[in-house]
Amino acid sequence: VQLQASGGGLVQSGGSLTLSCAISGDTSSFNAMGWYRQAPGKQRILVAIITNSGTRYIDDVKGRFTISSDNTKNILYLQMNNLKPEDTAVYYCNIGPLNRVVPGISHYWGQGTLVTVSS
């Protein structure tokens, strides 16, 4: 299984970006996909997760970020609106069983894409 993240860049505060994660390989045994981020000097944290049961977000991004997937194209998305400087981080996509994606111990990661939000 391979993941390829893209879509990061430099944006002004209040702007929007959409991250994409192209997924290839056999994912039939996986039931969760997520986006993590790692800000400079901080730990990597789970930002949003999507399963067959729905989506969940951390409080900091609720109402601003939307995670979605196109299962026909095997692409995971993260639509980010009203971006803030504190959203600046490297964003990583992840896939696996739910009990491994949530604690961040699934082995399948994208390479990361940098999002920089200027004030």
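Keep in mind that this is a model prediction, so the values were computed, not measured.

The rules behind the values
- Residues numbered from 1 in each chain as written.
- Predicted model: local features only at pLDDT ≥ 70, side-chain atom pairs only at ≥ 80, totals over all residues.
- Heavy atoms only, no water.
- Pairing = 2+ DSSP bridges.
- Helix = DSSP H or I, 4+ residues; strand = E, 2+ residues; numbered from the N terminus.
- Axes fitted to C-alpha atoms, helices over the stretch in contact; angles between N-to-C directions.
- Core = buried A, V, L, I, M, F, W, Y, C linked by side-chain atoms within 4.5 Å.
- Buried < 20%, exposed > 50% of the residue type's maximum accessible area, 1.4 Å probe, protein only.
- Contact = heavy atoms within 4.5 Å.

**Q** Before we move on, can you summarise the sheet that holds strand E7 (residues 65–70) with the specific residues and values?
**A** Pairing in this open sheet of four strands is antiparallel, and the strands run E1-E3-E8-E7 from one edge to the other. The open sheet terminates on both sides in strands that have one partner only, identified here as strand E1 (2–6) and E7. When strand polarity is set aside, the average angle formed by the axes of neighbouring strands in this sheet is 15°. As paired elements, strand E3 (residues 17–24) and strand E8 (residues 75–80) share six bridges and run antiparallel to each other. If you follow leucine 17 over to E8, its bridge partner there is methionine 80.

**Q** Any chance you could break down the nonpolar core for me, citing the residues and the numbers?
**A** Judged by nonpolar contacts, the single largest core of 26 residues is most densely connected at Trp35, Phe65, Leu76, Leu78, Met80 and Tyr91. If we skip the residues at most four places from it in the chain, methionine 80 touches Gly15, Ser16, Leu17, Leu19, Arg64, Phe65, Tyr91 and Val115. Ala32, Tyr36, Leu46 and Ile49 belong to the second largest nonpolar core, which has six residues in total.

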